[in-house]
Amino acid sequence: MRKLIVCSLLTALVMVSACTEEPQPDKNAQNQPAQAEAVVQSSAKPENNKDDSFVLVKGGAFANKKSSYYGKDTKLPDFYIGKYEVTQEEWVNVMGSNPSQFNGGKLPVEMVSWYDVIEYCNARSVKEGLKPYYSVDKNTKDPNNKSEHDQLKWTVTINEGANGYRLPTEAEWEYAASGGQKSESFTYSGSNNVNEVAWYWRNAGDKYLEGDWTWPAIENNHDATKTIGIKKPNELGLYDMTGNVREWCWDWYVGQDVPQGAMRVVKGGGWIGDIGSAVSAFRGKFEPNGFGPDQGFRLVRGE
């Protein structure tokens, strides 16, 4: 089953990577240390922050003109979002074991399903004395889950008013990735040059890859996840919202290509993917019980 899920992931990525146009890489950017142990910290002081690993995102309407929400009535309240993707060190401190394919404390955790992440959110909340944001009923099949491949189908509901950790909604994720009220309308999170802000299939290995996306080329190049916080942050001081690992969101994916309730939303693209999936407005999808070596997440809390 594990091989099936990963193979399905790779098949989807091949489709996304077709027919994309890319900017020329910054050669100096490609030579940054991939596995540096020190995490690059933002020079900006967090404002009114609960924790210096979280950034306060001021709410409002979408300012990024390239966002799929721009010009719509969607307005968000203030919220806090993780400055970085959740690391393996953070995962192990809460869950006790490391599911990741690539090992390193400051690497993003991966090989985690949507259900795994929900459990992490609640477990970390309890560990830190917060009220868990989710109620999880593992014995009742979720009637809204229409997936043919998800054998778990746990019923997960929200505890209104809880102050614990949670996943971002798709709108919250895209708003933060797009720069919030400080947006400069970049295509990717923090730049129009993907190589400045993202680890993706061309630059995530031994050398910068040319030509078309192929899995053998990626394997031979030893592509992998990279230490959090190395690339340039976006306008809000958030790192790796483009590339490195794809990030789970709370929402069911809604689109004409799949029935509603079959897949959850993933955003940002990952080290395996091409630039098409790295665009902040791109809407990815994955089975909630699926996992892969480029599938991770970051946390959100209310103000």
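What you see is a predicted model; the values in this text were computed from it and never measured.

Here's the deal with the packing of helix α3 (residues 88–95) against helix α4 (residues 114–127)
Now for step 1: Axis separation between α3 and α4 bottoms out at 9 Å; the angle between their running directions is 70°. Taken as axis vectors, α3 and α4 run roughly perpendicular relative to one another. Helix-helix and strand crossings are classified by hand; for α3 and α4 the assignment is left-handed. Contacts between α3 and α4 involve Glu90, Trp91, Asn93, Val94 and Met95 on the former and, on the latter, Asp116, Val117, Glu119, Tyr120, Ala123, Arg124 and Lys127.
Now for step 2: Class assignment for the residues of the contact of α3 with α4 results in six nonpolar, one polar and five charged.

Details of the sheet that holds strand β11 (residues 300–302)
Now for step 1: Taken in spatial order, the three strands line up as β1-β4-β11 in an open sheet, and their pairing is antiparallel. The sheet is open, and its two edges are formed by β1 (54–57) and β11, each paired on a single side. Sheet twist, expressed as the mean angle between neighbouring strand axes with direction ignored, is 25°.
Now for step 2: Bridge analysis of β1 against strand β4 (residues 79–82) gives four bridges, and the strand direction is antiparallel. By the bridge assignment for β4, Leu56 is matched with Tyr80.

Observations regarding the nonpolar core
Now for step 1: Counting residues in hydrophobic clusters, the biggest one holds 27 residues, and the most contacted among them are Trp114, Tyr134, Leu167, Trp248, Phe297 and Leu299.
Now for step 2: At the level of elements, β1, α4, β6 (154–158) and β7 (246–252) are the ones that each hand at least two residues to this core.
Now for step 3: Among the elements that make up this core, the one with the highest residue count is α4 (six residues).
Now for step 4: When residues no more than four places from it in sequence are discounted, the contact partners of Phe297 are Glu85, Val86, Trp91, Val109, Val112, Val117, Tyr120, Leu167, Arg246, Glu247 and Trp248.
Now for step 5: Core analysis: the second largest hydrophobic core is formed by 22 residues, Val55, Leu236, Met241 and Val258 among them.

Rules of the game
Starting afresh in each chain, residues are numbered from 1 along the sequence in its written order. Where totals are concerned, whole chains, interfaces and linings use all residues; where local detail is concerned, this predicted model gives features only for residues with pLDDT of at least 70, and gives and counts side-chain atom pairs only at 80 or more. In computing side-chain values, all of the structure's heavy atoms are included and hydrogens and water are not. A fitted line through C-alpha atoms serves as each axis, taken over the contacting stretch for helices, and the angle formed by two N-to-C directions is quoted from 0 to 180°. Secondary structure elements follow DSSP: runs of H or I of four or more residues count as helices, runs of E of two or more count as strands, with numbering from the N terminus. In what follows, roughly perpendicular refers to angles from 65 to 115 degrees, roughly parallel to angles under 35, roughly antiparallel to angles over 145, and oblique to any angle outside these ranges. Crossings are classed by handedness, with left-handed meaning an anticlockwise turn of the near helix from the far one by less than a right angle and right-handed meaning a clockwise turn. Contact between two residues is taken to exist if any of their heavy atoms lie within 4.5 Å; hydrogens are not considered. Nonpolar residues are Ala, Val, Leu, Ile, Met, Phe, Trp, Tyr, Cys and Pro. Charged residues are Asp, Glu, Lys and Arg, and all others, Gly as well, are polar. At least two DSSP bridges between two strands are required for those strands to pair. To define a nonpolar core, start from buried Ala, Val, Leu, Ile, Met, Phe, Trp, Tyr and Cys residues and group those joined through side-chain atoms within 4.5 Å. Buried, partly exposed and exposed residues are distinguished by accessible area as a fraction of the type maximum, computed with a 1.4 Å probe on protein chains only: under 20%, between the cut-offs, and over 50%, respectively.

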